[in-house]
Amino acid sequence: MAYAVTPALREWYLSEDVEELEYAALSRAALASLRLLAADAGAPRRRVVVAADVPDGAASVDPDRGLDPAALGEVRVTVAVPLAKAAAVHVDSADAEVDVAAAAEALPAADGGDDDAQFVVDGAEDHELLWYATQEIPNLVGSGD
């Protein structure tokens, strides 16, 4: 899954500030990461988002999902993106694990309209993802932090 500033995301977020729009796309990617965690009970309970630069035209909005509110910012990348093209990695801190685990468990109920479950999911979103430079990836992967 990939996320970017798309026309639909711009319209939904109602901002012209590029940094705010990029943060909104990052937030959508973090939610997608939470969905992957919900599907894999054995995965460490931390959301991970890799920010990467791709060539112009390499990312496109799926015309069938472009206006779907659940797919805001979602794009299809049509080229392989080597790790060398990563700009940064965003990861939850260790203190977010309990809330992220609860959010992953509550996600199906939240998707079904359960307001209490949505509150739990929102609790994970209260944790800011930490920013790591690409040269920190080997230490990040090896440290467990």
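Residues numbered from 1 in each chain as written. Predicted model: local features only at pLDDT ≥ 70, side-chain atom pairs only at ≥ 80, totals over all residues. Heavy atoms only, no water.

Trainee: Help me understand a nonpolar patch on the surface in this model?
Mentor: On the surface, Val 48, Val 50 and Leu 83 cluster together into a nonpolar patch covering about 270 Å² of accessible area. Take Val 50: it is sitting in strand S2 (residues 48-52). Assessed through its relative accessible area of 47%, Val 50 is described here as partly exposed. (Patch = residues over 30% accessible without salt bridge, like charges linked within 9 Å, V, L, I, M, F, W, Y side chains within 5 Å. Areas by Shrake-Rupley, 256 points an atom, 1.4 Å probe, with all protein chains shown as cover. Salt bridge = Lys/Arg side-chain N within 4 Å of Asp/Glu carboxyl O. Helix = DSSP H or I, 4+ residues; strand = E, 2+ residues; numbered from the N terminus. Buried < 20%, exposed > 50% of the residue type's maximum accessible area, 1.4 Å probe, protein only.)

Trainee: Sorry, what's going on with helix H2 (residues 18-39) here?
Mentor: Because an α-helix completes one turn every 3.6 residues, residues spaced three or four positions apart along the sequence face the same direction. Compared with an ideal rise of 1.5 Å per residue, which puts 22 residues at 32 Å, H2 spans 32 Å between its outermost C-alpha atoms and is within 8% of the ideal. Restricting attention to buried positions, one finds in H2 the residues Leu 21, Ala 24, Ala 25, Leu 26, Arg 28, Ala 29, Ala 30, Leu 31, Ala 32, Ser 33, Leu 34 and Leu 37. Packed against the buried residues of H2 are strand S1 (2-3), helix H1 (7-13), S2, strand S5 (86-91), helix H3 (97-111) and helix H4 (115-125). Where H2 starts, the residue carrying a side-chain oxygen 2.9 Å from the main-chain nitrogen of Glu 19 turns out to be Asp 17. (Expected span 1.5 Å × (residues − 1). Contact = heavy atoms within 4.5 Å. Polar contact = N/O pair within 3.5 Å; in protein donor to acceptor, adjacent residues only side chain to side chain.)

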